[in-house]
2 protein chains.
Amino acid sequence: MKKETNHNKVKIIPLGGLEQIGMNMTAFEYEDSIIVVDCGMAFPSDDMLGIDLVIPDVSYLKNNIDKVKGFVITHGHEDHIGALPYVLRDVPAPVYGTKLTIGLIENKLKEHNMMKTVRRKVVKHGQSINLGCFRIEFIKTNHSIADASALAIFSPAGIIVHTGDFKIDYTPVFGEPADLQRFAELGKKGVLALMCDSTNAIRPGFTMSERTVGKTFDSIFAEHKNNRIIVATFASNVDRVQQIINTAYHYGRKVVVEGRSMVNVIGTASELGYINIPENTLIDIEHLKNYKKEDTVLITTGSQGESLAALSRMAADLHKKVSIMPGDVVILSSTPIPGNEKAVARVINELSMKGAEVINQDTHVSGHACQEEIKLMYSLVRPKFSIPVHGEYRHLMAQRNLAISMGIPKENVILMRSGDVIEIGDEGYRVADHVQAGGILVDGLGIGDVGNIVLRDRQNLAQNGIIIVVLTLEKYSNQLLAGPDIVSRGFVYVRESEDLMEEAQRIVDEAVQGCLEKHVSDWGKIKNIIRDSLSDFLWKKMKRNPMILPIIMEV
Amino acid sequence: MKKETNHNKVKIIPLGGLEQIGMNMTAFEYEDSIIVVDCGMAFPSDDMLGIDLVIPDVSYLKNNIDKVKGFVITHGHEDHIGALPYVLRDVPAPVYGTKLTIGLIENKLKEHNMMKTVRRKVVKHGQSINLGCFRIEFIKTNHSIADASALAIFSPAGIIVHTGDFKIDYTPVFGEPADLQRFAELGKKGVLALMCDSTNAIRPGFTMSERTVGKTFDSIFAEHKNNRIIVATFASNVDRVQQIINTAYHYGRKVVVEGRSMVNVIGTASELGYINIPENTLIDIEHLKNYKKEDTVLITTGSQGESLAALSRMAADLHKKVSIMPGDVVILSSTPIPGNEKAVARVINELSMKGAEVINQDTHVSGHACQEEIKLMYSLVRPKFSIPVHGEYRHLMAQRNLAISMGIPKENVILMRSGDVIEIGDEGYRVADHVQAGGILVDGLGIGDVGNIVLRDRQNLAQNGIIIVVLTLEKYSNQLLAGPDIVSRGFVYVRESEDLMEEAQRIVDEAVQGCLEKHVSDWGKIKNIIRDSLSDFLWKKMKRNPMILPIIMEV
């Protein structure tokens, strides 16, 4: 392809993944074609009380539903596939990905009873698919899950390379290293824009090979020949599990896999040939008791201290089949994701109290490219424009600085926000529009029925509890027939605060009496007077601000 | 003192500090004398919704109030002095500490209006005080606050050395290095037990000198001569502030101190001579506008991402007097305390978005001894018994292993829990008793009126919200006069869930109607039927579990 000036422009519309780690989703639009790269969920932030997960707002896709040609998925992690079952209901379109990625998506579709309604297609590395006026090529990369892909998106306006989540591992546990030659070849052709993973852009150096963790396992197993070994790691890190199994096999130990998501992922990976388990190595947890403890290894979920995961239940003595015993060696093969530090520390404390030795040094490597790998990507791809993706603002900024240090002109580094629409081509780019974008909260089966007001109420209830004041009035005479009664929850121990509650009752009685004497007949006003007087009293007396909810019934 | 077998035993009773970092407090008892070392508060854990702080349960001291001779405080950090204003109300006794420590305690007493009722006495390093049958000597140590002390507690049963929080800094910014010779001298005499800080016992090596941070400041200031510099650090780290001021002075910059606790601590430290501020260096925040930005430095609170602290308010554009501008350099001179990582990341993101450069490499050193320093302490003091203190279980375990590696016999390392009473002497020790101990929750002005049931309600309210069902019944006929009305808070957007709420109303109507038809007259039963039917419906329909609170009024 000879380079020539191209007057066309393609639209890039990120719908998530730029304000946080998670909820990755980007639409690419050209005339009547839209393709969507990834469709991830995010975990709720600390102030989203009671929320199970967050999915991207896809109003823009719904409004352009006829254009949407398909979802192209880079790999099988939750922050790239987790919103699919929700989004596909509103935006039905085929899903494309590599074999393991599609396998993990199918697990989700089965759970949501959507196997029959969603078309999906497995693509191999090196292959391309045509969707509308786009051609998308899958390029082999490395990551903390097998079968991860970067995408080369060929549009009439030029080639966009999207790395997905990636690292460069020259000695991966399974399959090939990242296809650096293909990145170089594309770079030679001329790449319009590089959208590159920023997760580790603040970290200097190079992420170590997954194999280094295997060496650590070897030496831990060699040192602890007389102990049961329990390894907790991410369910989706199939290569990590493979290495644990390899070491276990080498030392003649039987392996138990425990934890629902671990069992699921290993099952799928094993079926599809992404993990190789020697015969007679895997045993059922029910048979654990038939083996000497030093002849066994448990691979389990819970490395992030998640309270319902298998390791946490073992640590808290709530696991039905495994009790931690003195001498047990527990390997935490992960680092805490920010926000999980205290939960992980709690699990370590509980395990230590039961006499286990907890090991978490050199037992994990990241799945994301550090600064030197990001620079390598830039020097292969040599894009005209840089659009940092996947990260909080500080991560995107760090990649921006790396891009500039690699010779990308400042004005060609584009820091986007979710919902921004840019039109980009050889001649330049402009922010053309901003469309609706953001997080939709999922709570139980409810999608989007919890929003800011409900959350604010939950926060207030969480901090201070609630006081309900109920009274019954006679409809016509406005006479007080019953109450005011005071009921509280989450406020104080009523029995130990009798004086306070009596005084509160008196305050409310007076407020109501005052209203009736003054013939206040507007219920809203009566409620406000009750609320204000009780609220004043409690703040003066206790410096607390419970939610106060007056309810008036009429008879 | 000639060594001789001592048949006496002293009681050691930790009342906090052994299950967590924080709430440090230990009682020492011999016959009719009790002394109390430290009286700290703890920050609430994540599940203590709405709680402001946690103080130790001092029932044991209240029950033995006649014996309590005084509080001996090792240094002025909140986790060692924060509970004093609460505890002193129930257990009035004189307070002893070094000059800065007493100064900071007096700040608290003023706030609580207790200056007149609490006796206090300043003790110098090297001096001793006599309390009952105890003699307590204050020994100079280093820590992240000036004037920190270890204590040598001379009891009829032997000498107990309590390190308090400490590190070894051979080149401290203010005052002398730790008095290693005195520790050695005591060791020569024969120390019964060492109670040593475990906070960093899991970290190998040696904690760097505070001065290394000063060097980092120097090079950052040298590199950013054209930028305003904002440094956030712990208010209590007076030496850190001194170094920032030194560097600012060296580069001819004016200094503004911002944030309530920062202003308080620096004020006290300056009055007492623990910080040396060159003339014409400090300026009022009101005068900031009169100086070029590159001629100023702000020292501020908020290095932990605390939402109400000055730096967070600047980052969120909520600060009345300081706006972050592009080019500003913000130094975070601290590392996040576990649990604060996400809050700190949020502040960094917000600062970056406003164009500030955020620096947090090599800008902090810990105030606690790492493994080599702990070993040094053991080799100087050579105690007969080791009682690891200050830390979670995993930290205490790590110190236990260090003690054993230093030659303390396994059976002489005593892992205590708060409330344990040990009797210890030359001939050995035994766990003699367990007394009431634990955390008392402080919420606003209420102390201890929030406990497990209230917290469980708050957690439930936080996760799911509340639905209140009110109805009015005729007293004698049991006729339904009004309702059932449904009111919810923190559950769903009612307007967007009309169908659901209508269905819920129908379910409740049917439940009430069913009760009345069957002449159920037990209100408890009616309430249960309402609760169960609504709860079933919501779980089936939404997979949610809000608190359901039926209220029946009678007329």
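An unreviewed UniProt entry annotates chain A as Ribonuclease J originating from Clostridium fessum. Its UniProt record gives chain A a comment under Subcellular location (unreviewed entry), which states: "Cytoplasm". Of chain A, the UniProt comment under Function (unreviewed entry) reads exactly: "An RNase that has 5'-3' exonuclease and possibly endonuclease activity. Involved in maturation of rRNA and in some organisms also mRNA maturation and/or decay."

Quick look at the sheet that holds strand β4 (residues 53-56) of chain B now. Residues and elements named next belong to chain B. Ordered by their spatial adjacency, 3 strands build an open sheet running β4-β21-β22, and the pairing between neighbours is antiparallel. The outermost strands of the open sheet, each flanked by one partner alone, are β4 and β22 (446-447). Relative to β22, strand β21 (residues 439-443) runs antiparallel, the two being bridged by 2 bridges. Its bridge partner lying in β22, Asp-443 is registered against Gly-446.

Moving on, we come to the relation of the copies chain B and chain A. Placing chain B over chain A gives an RMSD of 0.0 Å and needs a rotation angle of 180°, together with 0.0 Å of translation along the axis. Given the turn and translation reported, the copies of this chain are related as if by a two-fold rotation axis. Looking at the rotation axis and the C-alpha trace of chain B, the residue lying nearest is B:Ala462, at 2.3 Å. The share of interface residues of chain B whose copies in chain A are also at the interface is 100%, consistent with both copies meeting through the same surface.

In this section: the UniProt feature "active site" (unreviewed entry) in chain A. Residue and element names in this part refer to chain A. The positions UniProt marks with the feature "active site" (unreviewed entry) are Asp-197 and His-368. These annotated residues cover 172 residues of sequence, and their C-alpha atoms lie no more than 7.6 Å from one another, placing them together at a single site. According to the relative accessible area criterion, Asp-197 is buried, its value standing at 0%. Not counting the four nearest positions on each side in its chain, Asp-197 is found in contact with Thr-163, Gly-164, Asp-165, Phe-166, His-368, Ile-374, Val-389, His-390 and Gln-399. Considering the arrangement of structural elements, one finds His-368 in the loop between β17 (357-359) and α11 (371-381). In this structure His-368 comes out as buried when scored by relative accessible area, which is 15%. Those residues in contact with His-368 that lie beyond four places of it in its chain are His-143, Asp-165, Phe-166, Lys-167, Asp-197, Thr-199, Asn-200, Thr-207 and Glu-373.

With that settled, consider the pairing of strand β24 (residues 480-489) of chain B. Regular strands place side chains that alternate from one sheet face to the opposite one. Residues and elements named next belong to chain B. Here strand β23 (residues 466-473) runs beside β24; their pairing, made up of 7 bridges, is antiparallel. Each residue of the ladder has a partner; that of Ile-467, found in β24, is Ser-488. Counted between consecutive antiparallel strands, the loop separating β23 from β24 contains 6 residues, among which Asn-478 sits at a positive phi close to 65°.

Looking now at the domain arrangement of chain A. Residues and elements named next belong to chain A. Segmentation of chain A into domains returns domain 1 (10-205 + 366-447), domain 2 (210-359) and domain 3 (465-554). For domain 1 versus domain 2, the distance between C-alpha centres works out to 31 Å. Overall, the association of domain 1 and domain 2 removes approximately 1500 Å² of surface from exposure, summing both partners, and the carbon and sulfur fraction of that is 57%. Contact with domain 2 buries area across many residues of domain 1, yet Leu-100, Val-173 and Phe-174 alone supply 38% of it, more than any other trio.

Time to look at the confidence of the model for chain A. Put simply, chain A has an average pLDDT of 93, and 99% of its residues get 70 or more. Scoring of the predicted complex yields 0.88 for pTM and 0.84 for ipTM.

The next point concerns the UniProt feature "domain: Metallo-beta-lactamase" (unreviewed entry) in chain A. Taking the UniProt record as the reference, the feature "domain: Metallo-beta-lactamase" (unreviewed entry) is found at residues 22-224 of chain A. The span residues 22-224 of chain A is 26% helix and 27% strand, and its two end C-alpha atoms sit 38 Å from each other.

Our focus in this paragraph is unusual backbone geometry. Cis rather than trans, the peptide bond between A:Gly483 and A:Pro484 has omega equal to -5°. Checked against the element boundaries, A:Pro484 lands in strand β24 (residues 480-489). Residues other than glycine seldom take positive phi values, yet A:Asp38 does so here, at roughly 65°. Its place among the elements puts A:Asp38 in the loop between β3 (33-37) and β4 (53-56). With a phi close to 60°, B:Met23 is a non-glycine residue in the positive phi region. Among the structural elements, B:Met23 can be located in the loop between β1 (10-16) and β2 (25-30).

Further remarks concern the sheet that holds strand β23 (residues 466-473) of chain A. Residues and elements named next belong to chain A. Spatial strand order, β24-β23-β25: 3 strands in an open sheet with mixed pairing. Either end of the sheet is taken by a strand with one partner, and the two such strands are β24 and β25 (547-554). Ignoring strand direction, the axes of neighbouring strands in this sheet form an average angle of 15°. Looking at chain direction, β23 and β25 are connected through 8 bridges and run parallel. Across the sheet, residue Leu-471 finds its bridge partner in β25, namely Ile-552. Packing against the sheet, helix α14 (residues 498-517) makes contact with β23 and β24, and its axis sits at approximately 145° to β24. Strands β23 and β25 of the sheet are contacted by helix α15 (residues 523-542), whose axis makes an angle of about 145° with β25.

Conventions and cut-offs
- Residues numbered from 1 in each chain as written.
- Chains lettered and ligands numbered in written order.
- Predicted model: local features only at pLDDT ≥ 70, side-chain atom pairs only at ≥ 80, totals over all residues.
- Heavy atoms only, no water.
- UniProt positions renumbered as here; feature names shortened; annotations may be inferred.
- Pairing = 2+ DSSP bridges.
- Helix = DSSP H or I, 4+ residues; strand = E, 2+ residues; numbered from the N terminus.
- Least-squares fit on C-alpha atoms with pLDDT ≥ 70 in both.
- Contact = heavy atoms within 4.5 Å.
- Buried < 20%, exposed > 50% of the residue type's maximum accessible area, 1.4 Å probe, protein only.
- Domains from an automatic or database assignment.
- Buried area = accessible area lost by both parts, 1.4 Å probe.
- pLDDT = per-residue confidence, 0-100.
- Axes fitted to C-alpha atoms, helices over the stretch in contact; angles between N-to-C directions.

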